[in-house]
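What follows is each chain in one-letter form.
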Amino acid sequence: MGDKANNSVKPPSEIIKRIWSPKGQDKELIKSAYEFAKDAHAGQKRLSGRPYFHHAVETARVLADMRMEADTIASGLLHDVLDDTDTQPEAVRENFGEEMLFLLQGVSKLGDVRFQGMRRHIESLRKLFVATSQDIRVLLIKLADRQHNMETLEHIPEDKQRRIAEETLEVYVPIAHRLGIGKLKTQLQDLAFPYVYPDEHQRTKELSKDTYEQAIDTIENLHKKLSRLLTEENAVGDFSIKYRQKGLYSLYQKLEKKGMNIDEIYDIAALRVIVESTEDCYHVLGAIHSQWQPLSGRVKDFIANPKPNGYQSLHTTVFAGDGNTAEVQIRTKKMHQIAEYGSAAHADYKKDGSSGYLDWFDDVAEKLRPNDAGADSRKDVSDWIDDLKQLEDSAEDPAEFVENLRNDIFENRIFVFTPKGDVIDLPAGASPLDFAYQIHTEVGHHTDAAKVNGKLASLDTQLESGDIVDIQTSDDQQPSRKWLEYIKTADARRKITTYLNNLRTKTD
Ligand code: MN
């Protein structure tokens, strides 16, 4: 550390050139936000030893990569000036206007949110909630901020690393997922994974190494052949083919579901064909199936039936001819953008009708018109219209989008109380044992009985929001293998497993 290159910060031009067709006023805004933040953070350093201002610029860089518009990128540059410098709200208002101040204050409010055992308080959740419903940009800035904080987590004291990484998995990843920002979601997961589950991370890495290499071989081979096929047949317009590896954390989640059997994972790597139009997507699918036998049940039409977060693509898995299978994902450029950067990019917050999201929607609508849907689509025209109708219903109202977002973030969580009234946040279906482990590992280990709302309840009772849970402990009690069936949280699972493993080592 301390070498000059390491202390340099990207110039504003680096940010500006990442903006999608920047206009004159965009450039001016970025330059002035850049200078303002640079002055405000002058002399401050991060734990990494780099200038604090570097963090502001990197946050803006993430937002630019997420295809956000200039005002959001500028708020990324300014996102820490209220909390971490002497800057007064007045100064922001004077220089950048009321809306910028509103965004920065929203980010600052979210700064209070801390998810950690007993400190998970409903008030913080409420703030997150309220801020979310007011403006999606606040969340996006917070996501970008978190992305850079995760990239630099190694410089944070060890005792804090885990909490921050856990919070990333529990809070930020679900938000990125719901906003459909696949790229950010994968990055955040993979950055957090080794800190939260070091053993599982190591195991997944080792388990997948050979399979990854083999899959890449298969895919590169298929890539060449498919590229030749599409060019020779001249069946589609411009196309490009890339491949992507499945994120390690996402792979781990899937492996857990499949009993850690890596042979059951079909999409460890996938070929991605990006074309100009929806029709071309189906042409490509047809061309692939004419050449390579598809695995039955693995063809998925997410164009006709988009995922709830807006994701669209055709997926198929084929026998690649070398004894292996390969997944192929086919999508238009627009669909690709939405998949990587989310429908929020350029989008939902726009109230003047010039929204990129709605443009995208119009484009899909255009492609799905009955006369376009004819020859090659594998569906009836009436089906297309039904699909379109559904899409229309779900996409029409930005307020509804936000409402759905709020529901999604919180619908799988319950909030229960300790006898003293502290709020504990748990996944739906959690039991008194999960609760006990949230309070303290030792409380968990020695749980003898539980009272729910004043009545004795079995340890596998499913808790509900609002329940008051009182755990009774006994020194004689200790975890048993049976307990693993009663719990829902990864935290309790890890603690019980560790305990049981230690027990075994001792008696061995
Ligand atoms: Mn920050």
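Residues numbered from 1 in each chain as written. Predicted model: local features only at pLDDT ≥ 70, side-chain atom pairs only at ≥ 80, totals over all residues. Heavy atoms only, no water.

What follows is about the coordination of the manganese ion. Each pair of donors in an ideal four-coordinate tetrahedral metal site encloses 109.5 degrees, whereas pairs in an ideal six-coordinate octahedral site enclose 90 or 180 degrees. Listed as protein donors to the manganese ion are His 55 (NE2), His 79 (NE2), Asp 80 (OD) and Asp 145 (OD); their distances from the metal cover 2.2 to 2.3 Å. Considered as a linear motif, the donors of the manganese ion on their single chain read H-x23-H-D-x64-D. Separated by 66 residues along the polypeptide, His 79 in the loop between α5 (70-78) and α6 (81-84) and Asp 145 in helix α10 (residues 136-151) bring together distant segments of the chain. (Donors = N, O, S within 2.8 Å, 3.2 Å for Na, K, Ca; no water. Helix = DSSP H or I, 4+ residues; strand = E, 2+ residues; numbered from the N terminus.)

Whether parallel or antiparallel, the strands of a sheet pair through hydrogen bonds between backbone atoms. Across the sheet, which stays open at both edges, the five strands sit in the order β1-β2-β5-β4-β3 with mixed pairing between neighbours. Here the strands that pair on one side only, and so sit at the sheet edges, are β1 (239-245) and β3 (300-301). Summarising the sheet, strand β2 (residues 269-275) and strand β5 (residues 325-332) pair through six bridges and their orientation is parallel. Note on β5: the bridge partner recorded for Arg 272 is Gln 329. Along the sheet, helix α15 (residues 278-291) contacts β2, β3, β4 (314-319) and β5; its crossing angle with β5, the most-contacted strand, is approximately 160°. Along the sheet face, helix α16 (residues 333-341) touches β1, β2 and β5 and points at about 105° away from the line of β5. (Pairing = 2+ DSSP bridges. Contact = heavy atoms within 4.5 Å. Axes fitted to C-alpha atoms, helices over the stretch in contact; angles between N-to-C directions.)

Here we come to the environment of Thr 278. Within the fold, Thr 278 resides in helix α15. Taking the C-alpha atoms as reference points, Thr 278 and Leu 314, 36 residues apart in sequence, are found 9.8 Å from one another.

On the surface, Lys 257, Lys 258, Lys 300 and Lys 307 cluster together to form a positively charged patch. Here Lys 307 shows up in the loop between β3 and β4. (Patch = residues over 30% accessible without salt bridge, like charges linked within 9 Å, V, L, I, M, F, W, Y side chains within 5 Å. Areas by Shrake-Rupley, 256 points an atom, 1.4 Å probe, with all protein chains shown as cover. Salt bridge = Lys/Arg side-chain N within 4 Å of Asp/Glu carboxyl O. Lys, Arg positive; Asp, Glu negative; His and termini not counted. Charge placed at Lys NZ, Arg CZ, Asp CG, Glu CD.)

This paragraph deals with the nonpolar core. In this structure, Ile 30, Ile 73, Leu 78, Leu 143, Leu 226, Val 273 and Ile 330 are the most contacted members of the largest nonpolar core, which totals 93 residues. Apart from residues lying up to four places away in sequence, Ile 73 is in contact with Ile 15, Ile 19, Ile 30, Ala 60, Leu 63, Ala 64 and Met 68. Within the second largest apolar cluster, 21 residues are counted, among which are Ile 424, Leu 459, Trp 483 and Ala 492. (Core = buried A, V, L, I, M, F, W, Y, C linked by side-chain atoms within 4.5 Å. Buried < 20%, exposed > 50% of the residue type's maximum accessible area, 1.4 Å probe, protein only.)

A few words on the sheet that holds strand β10 (residues 469-473). Taken in spatial order, the three strands make up an open sheet running β9-β8-β10, and their pairing is antiparallel. The sheet is open, and its two edges are formed by β9 (455-457) and β10, each paired on a single side. Here the strands of the sheet are splayed against their neighbours by 35° on average, with no regard to which way each runs. Where strand β8 (residues 447-452) and β9 come together, three bridges link them in antiparallel fashion. Paired with Ala 450 across the strands is Ala 457, a residue of β9. Strands β8 and β10 of the sheet are contacted by helix α21 (residues 432-439), whose axis makes an angle of about 75° with β10.

Further remarks concern the side chain of Gln 329. With respect to the helices, strands and loops of the structure, Gln 329 is situated in strand β5. With a relative accessible area of 3%, Gln 329 lands in the buried category. Of the polar contacts made by the side chain of Gln 329, one reaches the side chain of Glu 327; its length is 3.0 Å. Within the structure, Gln 329 has its side chain in polar contact with the side chain of Arg 331 (distance 3.3 Å). Contact partners of Gln 329, with chain neighbours within four places excluded, come to Arg 244, Ala 270, Leu 271, Arg 272, Val 273, Tyr 311, Leu 314 and His 315. (Polar contact = N/O pair within 3.5 Å; in protein donor to acceptor, adjacent residues only side chain to side chain.)

Our next topic: the packing of aromatic side chains. Counting across every chain of the model gives seven aromatic pairs. Relative to Phe 96, the ring of Phe 36 lies with its centre 5.3 Å away and its plane at 80°, an arrangement referred to as edge-to-face. Linking Phe 36 in helix α3 (residues 24-40) with Phe 96 in helix α7 (residues 89-96), this pair joins segments that are 60 residues apart in sequence. Three or more aromatic residues joined by ring pairs form one cluster here, namely Phe 193, Tyr 197, Tyr 249 and Tyr 252. Over the ring of Tyr 52 we find Arg 46, and its NZ or CZ is 5.7 Å from the ring centre. (Phe/Tyr/Trp six-rings, centres within 6.5 Å; stacked < 30°, edge-to-face > 60°. Lys NZ or Arg CZ within 6 Å of the ring centre and 35° of its normal.)

Turning next to unusual backbone geometry. Across the chain, the bulk of peptide bonds are trans and the bulk of non-glycine residues have phi less than zero. Backbone geometry at Met 260 places phi at a positive 60°, although glycine is not the residue there. Mapped onto the elements of the fold, Met 260 is located in the loop between α14 (248-257) and β2. At Asn 453, a residue that is not glycine, the phi angle is positive and equals roughly 50°. Take Asn 453: it is sitting in the loop between β8 and β9. Taking relative accessible area as the criterion, Asn 453 reaches 45% and is therefore assigned partly exposed.

Okay, helix α4 (residues 52-65) next. Along its 14 residues, α4 runs 20 Å from first to last C-alpha, staying within 8% of the 20 Å computed at 1.5 Å per residue. In terms of residue burial, α4 counts as a mostly covered element, since 13 of its 14 residues are buried. (Expected span 1.5 Å × (residues − 1).)

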